[in-house]
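Residue-level structure breakdown
Spelled out, the chains give:
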Amino acid sequence: METQPEKYRQRLRGKGAACSDSHQSYWDEERQTGADDRNIREANTADLAQLVTLHQRSFPGFLMTMLGGRFLRVYYEAALECTGTLALIAEEGGRAEGFVVGYVAPQEFYALLRSRRLSLALAAVRGLLLAPGLLPRVLGNLRRLRRFADCSSHAAGGAELASIGVLPAGSGRGLGKALVTEFIRCARTSAVEYVYLTTDAVDNDNVNGFYCGLGFVRSNTFLVPGGRLMNEYTLPLENRAQ
């Protein structure tokens, strides 16, 4: 796999994957209602329980959710403590409706998370007892965590957009777009060169189209433990409007 930053920039300059017109038009037509009472703010340690709840409600049936609230608490506690984390919460009418979490120094975060792997393992026990079939995926992700901590392929100049979720009640109102846009703005002030993310490649057309519509370019497709096919998207920040 081509994962070095310079290889990404070369591909982005001339070999990026284009988005389909149907994806572009779908997101162009996304309704923008509810923006008048919208507030996107930085999350802090006092928001830990709220982030866990937002994740659980935004991602039912996903691996981290199935591992349980204690697991999510350990993960987001590390995220909020890491100095290179960008964590935002979107509120409408005073209610939290969505969130985004990412890292301007991914290697730093994954090194911190790896140092808490025992806490992560203990927190995951209940979820694994309820669904033992998750164990191979968990072990595979732990191996990936070690690689990320030791030598992140994006360590120089890349900010990772790791998680973004919008509650079902808040979907279709442009909230996801607003969160990503604000994340990009914050990343730019941290002097990173590009933002990258991964998402499912299969049966996930709307989400892939969403990122294409925001200017992201598919830069890689790869398999993760369990045979899950993922797309990686990158958005260069050089020469973008300040």
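The following refers to the structure shown. (Residues numbered from 1 in each chain as written. Predicted model: local features only at pLDDT ≥ 70, side-chain atom pairs only at ≥ 80, totals over all residues. Heavy atoms only, no water.)

Examining the sheet that holds strand β7 (residues 228-236)
The strand order β1-β2-β3-β4-β5-β7-β6 describes an open sheet built from seven strands, whose pairing is mixed. Lying at the two open borders of the sheet, with one neighbouring strand each, are β1 (38-42) and β6 (217-224). In this sheet, neighbouring strand axes are inclined to one another by 25° on average, regardless of whether the strands run parallel or antiparallel. Bridge count between β6 and β7: seven bridges; the pairing is antiparallel. When the bridges of β7 are listed, L223 appears paired with L229. (Pairing = 2+ DSSP bridges. Helix = DSSP H or I, 4+ residues; strand = E, 2+ residues; numbered from the N terminus. Axes fitted to C-alpha atoms, helices over the stretch in contact; angles between N-to-C directions.)

Side note on the nonpolar core
Of all hydrophobic cores here, the largest spans 34 residues; its most connected members are L67, Y76 and F109. Listing elements by their share of this core, those giving two or more residues are α3 (48-58), α5 (69-81), β2 (85-92), β3 (95-103), α6 (106-115) and α7 (117-130). Tallying contributions element by element places α5 first for this core, with eight residues. When residues no more than four places from it in sequence are discounted, the contact partners of Y76 are L48, L51, H55, F99, V101 and S163. Listed in part, the 25 residues of the second largest apolar core include L86, A90, V180 and V195. (Core = buried A, V, L, I, M, F, W, Y, C linked by side-chain atoms within 4.5 Å. Buried < 20%, exposed > 50% of the residue type's maximum accessible area, 1.4 Å probe, protein only. Contact = heavy atoms within 4.5 Å.)

Considering the pattern of salt bridges
If the charged atoms of two oppositely charged side chains come close together, the side chains can form a pair. Taken as a whole and judged by the stated rule, the model has eight salt bridges. For R173, the salt bridge goes to E92, with nearest N and O atoms at 2.4 Å. Of this pair, R173 sits in the loop between β4 (158-166) and α9 (175-189) while E92 is found in strand β2, placing the two residues 81 residues apart along the sequence. Across the pair, exposure class does not vary: R173 and E92 are buried alike. Salt-bridge contacts for E97 lead to R95; the nearest nitrogen and oxygen are separated by 3.6 Å. Residue class for E97 comes out buried when judged on its relative accessible area of 6%. Accessibility expressed as a relative area gives 53% for R95, which makes it exposed. A single salt-bridge network, built from bridges that share partners, covers R38, E92 and R173. (Salt bridge = Lys/Arg side-chain N within 4 Å of Asp/Glu carboxyl O.)

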